[in-house]
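# Notes for the structure review
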There are 2 protein chains.
Amino acid sequence: MTTLAALATPSPRSACARSGGPSYCDACKVRPLAVCAALEAGELHELDAIVHQGRVAAKETFIHQGEDATSVFSVVEGTVRLYKLLSDGRRQIVGFAMPGDFLGLALHNRYGFSADAVDAVALCKFDRAEFDRLVSAKPHFLRRLHEFATHELVIAQEQMTLIGRRSAEERIAAFLLMMRDRWARISGASVTVQLPMQRLDIADYLGLTIETVSRTLTRLARDRVILIVPEAVRILDEGRLAQLARS
Amino acid sequence: MTTLAALATPSPRSACARSGGPSYCDACKVRPLAVCAALEAGELHELDAIVHQGRVAAKETFIHQGEDATSVFSVVEGTVRLYKLLSDGRRQIVGFAMPGDFLGLALHNRYGFSADAVDAVALCKFDRAEFDRLVSAKPHFLRRLHEFATHELVIAQEQMTLIGRRSAEERIAAFLLMMRDRWARISGASVTVQLPMQRLDIADYLGLTIETVSRTLTRLARDRVILIVPEAVRILDEGRLAQLARS
DNA sequence: CGCGGCCTTGAGAAATGTCAACTTACGTGG
DNA sequence: CCACGTAAGTTGACATTTCTCAAGGCCGCG
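The present account deals with the structure reproduced in this document. On a predicted model such as this, the values are computed, not experimentally measured, just so you know.

Residue and element names in this part refer to chain A. Strands sit in the order S9-S11-S10 across an open sheet of three strands; the sheet is antiparallel. Whereas interior strands pair on both sides, the edge strands pair on one side only; in this sheet they are strand S9 (192-194) and strand S10 (226-229). This sheet shows a mean twist of 25° between the axes of neighbouring strands, independent of strand direction. Pairing of S9 with strand S11 (residues 232-235), which is carried by three bridges, proceeds in the antiparallel orientation. Looking across to S11, one finds that Val193 is bridged to Val233.

This is how it looks when you write it as structure tokens:
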């Protein structure tokens, strides 16, 4: 139910998404994408020594906005939604974290957002203090973390522009292309864009309502720009979609 | 007209906002707020050796979205607006930079936004390569930069929530309180909130139109929550304003 | 004094939100 | 294996906020 309890597999000192065999981060499938890529083979065991591998079931919350930020995470598998809640229940999803993404940048040691697993998620969890110690000892690791933060900031600024200045159709088109590109980095290009999150999540990410998302997707499908399939969307007319997103 | 030309005062190796006397960063009025605070007295001369002090007149653009990110900046005086332009002229202001703020976080060495001076701006400019060299040599400086980036990210996420999920009135109220708090850090608390930017800037920051901003401010003034004065707003009923912002 | 930039105000339009009904898919238990 | 219940998604009718367009006011500056 809470952060730690949600991380079912206890296995401390286990590997970062190891695929059997000796438990070391060097077997990790997402390492090239993750922050860990900054560490060389010889340094990996230091990370290995403090990592806790975990799984979070779909819909479980493992970061609670406002709580003490005692851990940081690296997503190995699945999709995570990061969001802020207003007192009256309105929600803004500030990002989706996917394999390779780093979670836990926090100010004043408090989480600024909550995080749920969208589908089944596997992640590497680190105690913040231990992680910090490692980061302090390795400037190139800190540099990579800083690159990740900078990247996040750039994405956030683009998201502001999307939400603040673009129409519903433009937002949806841009969202689909963004998801396609993100999956492409992780698992290769495809015209089928996996959408593990539900309509409500898309709505709350784009600053729209679920009905507007549904109607807009339906319209794009009617116009043969996309094909809606369960858990995904197939892009039929990439040029048109890109045009809608730029506009 | 362009980045470098706009930085009128040539004076290389001058101080970061020095107030007369020997030209060194240790006379800088905003140093405690700026990234430079991470450097100790003994290290300051290294920064001093690569800083170029500059001034940018109101409305001049000194960072152009998409161009090579050859410099980074620290704002000393005045207000800067950072924005993204869409091809059809729509604009989203992604932030206002004020004294102590750091500018120039960039991905792939391209600026992701443009930046203009809102009023007369004084800033410290650094060649990115030289700055990077200094950062690489001083992990505690990198750490401070990372803290700044993290802070920016937190702000950006709040801004997303503001734009994506709050009404015009809530946005305006939150904006006024944010500006008040930012000025408080720089120059002390006051019920008079300086607003150096024009209505159009506020609108483009909050994802609204200038008319909606104007109407909303007028309404708040009519309800005696604020008093509108030239270049500023006086907060009359802080409780009410905070309530509107939270809601 | 008159012009131009900025701001305000009003009237009507448009995009998106709200509310409600209905469909579809899926898992559970009879 | 079917019936039911529930969660997610879609669609329609209508409401509301915000935008758009247009006019007018204020004020500093030439």
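Right, let's talk about the protein's contact with DNA strand C for a bit. Taken together, 15 residues are adjacent to DNA strand C, and Thr212(A), Lys59(B), Ser214(B), Arg215(B) and Thr218(B) come closest. Backbone atoms, meaning sugar and phosphate, make up 62% of the atoms of DNA strand C lying within 4 Å of the protein. Thr218(B) has a polar side-chain atom sitting 2.8 Å from a phosphate oxygen of DNA strand C. Broken down by element, the residue count for the surface near DNA strand C peaks at four residues, all from helix H7 (residues 210-222) of chain B. In the surface near DNA strand C, the residues fall into two nonpolar, seven polar and six charged.

Our next topic: the protein's contact with DNA strand D. Around DNA strand D, a shell composed of 15 residues is seen, among which Ser214(A), Arg215(A), Thr218(A), Thr212(B) and Arg215(B) lie nearest. Near the protein, meaning within 4 Å, the atoms of DNA strand D are sugar or phosphate in a fraction of 65%, with bases accounting for the rest. At 2.8 Å, a side-chain N or O of Arg215(A) approaches a base nitrogen of DNA strand D. Between a phosphate oxygen of DNA strand D and a side-chain N or O atom of Thr212(B), the distance comes to 2.5 Å. Put simply, the parts of the chain that give the surface near DNA strand D at least two residues each are helix H7 (210-222) of chain A together with H7 of chain B. Top contributing element to the surface near DNA strand D by residue count: H7(A), with four residues.

In this complex, chain B contributes 44 residues to the contact, which on the side of chain A involves 43 residues. When chain B packs against chain A, close to 3900 Å² is buried across both sides, 64% of that on carbon and sulfur atoms. Counting across the chain B and chain A interface gives eight salt bridges. Summed over the shared surface of chain B and chain A, the result is 14 residue pairs in polar contact (both at pLDDT 80 or more). Breaking the side of chain B that touches chain A down by element, the ones donating at least two residues are strand S5 (91-97), helix H3 (128-137), helix H4 (139-165) and helix H6 (199-206) of chain B. Here the element with the most residues in the side of chain B that touches chain A is H4(B); it accounts for 20 residues. For the side of chain B that touches chain A, a count of residues per class yields 18 nonpolar, 13 polar and 13 charged.

Residues and elements named next belong to chain A. Taking 1.5 Å as the rise per residue, H7 with 13 residues should run 18 Å; its terminal C-alpha atoms sit 18 Å apart, in good agreement. The complete set of buried residues in H7 reads Val213, Thr216, Leu217 and Leu220. Burial along H7 is one-sided: seen end-on, the buried residues are contained in an arc of 100°. Exposed residues on H7 whose side chains face more than 90 degrees from its buried face are Arg215 and Arg222. For H7, the secondary structure elements touched by its buried residues are helix H5 (168-187), helix H6 (199-206), S10 and helix H8 (238-246). Looking one or two residues past H7, Arg224 carries a phi angle of roughly 60°, positive in sign.

Rules and cut-offs
Residues numbered from 1 in each chain as written. Chains lettered and ligands numbered in written order. Predicted model: local features only at pLDDT ≥ 70, side-chain atom pairs only at ≥ 80, totals over all residues. Heavy atoms only, no water. Pairing = 2+ DSSP bridges. Helix = DSSP H or I, 4+ residues; strand = E, 2+ residues; numbered from the N terminus. Axes fitted to C-alpha atoms, helices over the stretch in contact; angles between N-to-C directions. Near = heavy atom within 4 Å. Polar contact = N/O pair within 3.5 Å; in protein donor to acceptor, adjacent residues only side chain to side chain. Nonpolar A, V, L, I, M, F, W, Y, C, P; charged D, E, K, R; others polar. Contact = heavy atoms within 4.5 Å. Buried area = accessible area lost by both parts, 1.4 Å probe. Salt bridge = Lys/Arg side-chain N within 4 Å of Asp/Glu carboxyl O. Expected span 1.5 Å × (residues − 1). Buried < 20%, exposed > 50% of the residue type's maximum accessible area, 1.4 Å probe, protein only. Arc of directions from axis to C-beta.

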